[in-house]
Amino acid sequence: RVHPGGVLSPPGEGEEADPAAAEAAGYGHYGVVTSVAARPAGPAGRPGGKETTSSDPVAGAGDLLVTTGVDWTTKIWSPAYAQGGGPSRPLVSYLGSSYDYVSDAAWHPARTSVFVTSTASGTLSLWNLAQGVDGPVSGADGVVVDGSSPPGAGAGRVRWSEDGRRLAVAQGGRLHVLSA
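What counts, and at which threshold
Residues numbered from 1 in each chain as written. Predicted model: local features only at pLDDT ≥ 70, side-chain atom pairs only at ≥ 80, totals over all residues. Heavy atoms only, no water. Helix = DSSP H or I, 4+ residues; strand = E, 2+ residues; numbered from the N terminus. Buried < 20%, exposed > 50% of the residue type's maximum accessible area, 1.4 Å probe, protein only. Pairing = 2+ DSSP bridges. Core = buried A, V, L, I, M, F, W, Y, C linked by side-chain atoms within 4.5 Å. Contact = heavy atoms within 4.5 Å. Salt bridge = Lys/Arg side-chain N within 4 Å of Asp/Glu carboxyl O. Polar contact = N/O pair within 3.5 Å; in protein donor to acceptor, adjacent residues only side chain to side chain.

Colleague: Got a sec to walk through unusual backbone geometry? Specific residues and values, please.
Modeller: At W72, a position not held by glycine, the phi torsion is positive, near 70°. With respect to the helices, strands and loops of the structure, W72 is situated in the loop between β4 (65–69) and β5 (73–77). Taking the relative accessible area as the measure of exposure, W72 reaches 32% and is therefore partly exposed.

Shown next, in the form of structure tokens:
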């Protein structure tokens, strides 16, 4: 269920809060959802575009969403996999290695198995589902955007250029443009 403020919670709202139980039950984020990003469609509206091949583990997944939240998680969803008309559950859920909320996510515009996430501590994580679904290819600690930023100046928003060669990252009142 989505509640005002973007909070997803398991059934039984008003009961004792238990994030571990919500996670174990396979529900959505336990807390505010900070971003929702839809995987871009390829040629002729096909999810995955040119990169979707039989060797791509997400080739048959159809439309995918990635969500991030203040519960330190990144989740991948496929609305097509909702069971029996019931609520969709995440296909994969990643718990961050730090106690920083995940602030944003953006799919690569051309490589549809690739996306990036940003955290409140100012790090980026690069994910490539074609290489594996165990975690980010950039490592568990992520990549620091600007080590000279003051504490608490997290990476707020991330956006790819149209060609996917650059990544814009808003952090601490500054805009960083990174080559990808």
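Next comes the rest of the write-up.
Colleague: Just give me the short version of the sheet that holds strand β8 (residues 114–119), but keep the residues and values in it.
Modeller: Taken together, four strands build an open sheet; the order of strands is β7-β8-β9-β10 and the sheet is antiparallel. The open sheet has two edge strands with one neighbour each: β7 (102–107) and β10 (143–144). With five bridges joining them, β7 and β8 adopt antiparallel strand pairing. Directly across from D104, in β8, lies its bridge partner S118.

Colleague: Account for the nonpolar core, with residues named and values stated.
Modeller: Core analysis: the biggest nonpolar cluster contains 10 residues, these being A37, L64, V66, I76, Y94, A105, W107, F115, W127 and L129. Not counting the four nearest positions on each side in its chain, W127 is found in contact with T74, Y94, S113, V114, F115, V116, T117, G135, P136 and V137. Within the second largest apolar cluster, nine residues are counted, among which are A106, L124, W160 and L167.

Colleague: Describe the pairing of β5, with residues and values.
Modeller: Within a regular strand, side chains alternate between the sheet's two faces. Counting buried positions over the five residues of β5 gives five, a clear majority of the element. Side-chain alternation along β5 places T73, K75 and W77 on one buried face and T74 and I76 on a second face that is also buried. Here β4 pairs with β5 via four bridges, running antiparallel. Looking across to β5, one finds that L65 is bridged to W77. Bridge analysis of β5 against strand β6 (residues 92–95) gives four bridges, and the strand direction is antiparallel. Along β6, the bridge assignment pairs T73 with L95.

Colleague: Can you tell me about the environment of G156, naming the residues and giving the values?
Modeller: With respect to the helices, strands and loops of the structure, G156 is situated in strand β11 (residues 155–160). Distance from G156 to T117, taken between C-alpha atoms, is 9.8 Å for residues 39 residues apart in sequence.

Colleague: Just give me the short version of the pattern of salt bridges, but keep the residues and values in it.
Modeller: Side chains that differ in sign of charge can pair as their charged atoms come close. Counted according to the given criterion, the structure contains three salt bridges. Between D104 and R157 there is a salt bridge, with its nearest N and O atoms 3.8 Å apart. In this pair, D104 is assigned in strand β7 and R157 in strand β11, connecting sequence segments 53 residues apart. Take R157: its relative accessible area is 42%, and that puts it in the partly exposed class. Ionic pairing is found between D104 and R159, a salt bridge with its closest N-O pair at 2.8 Å. You can see D104 sitting in strand β7 and its partner R159 sitting in strand β11, a full 55 residues away along the chain. Via salt bridges that share partners, D104, R157 and R159 belong to a single interconnected network.

Colleague: Quick rundown of the pairing of β4? Include the residues and the values.
Modeller: Summarising burial for β4: four of the five residues are buried, a large majority. Between β4 and β5, which pair antiparallel in sequence order, lie three residues; one of them, W72, sits at a positive phi of approximately 70°.

Colleague: Summarise the side chain of T68; cite the residues concerned and give the values.
Modeller: Along the chain, T68 falls in strand β4. Look at T68 and you get buried, because its relative accessible area is 0%. There is a polar contact of 2.7 Å between the side chain of T68 and the side chain of T34. With sequence-adjacent residues up to four places away left out, T68 is seen in contact with H29, V32, V33, T34, S35, T73, T74, V102, S103, D104, A105 and T117.

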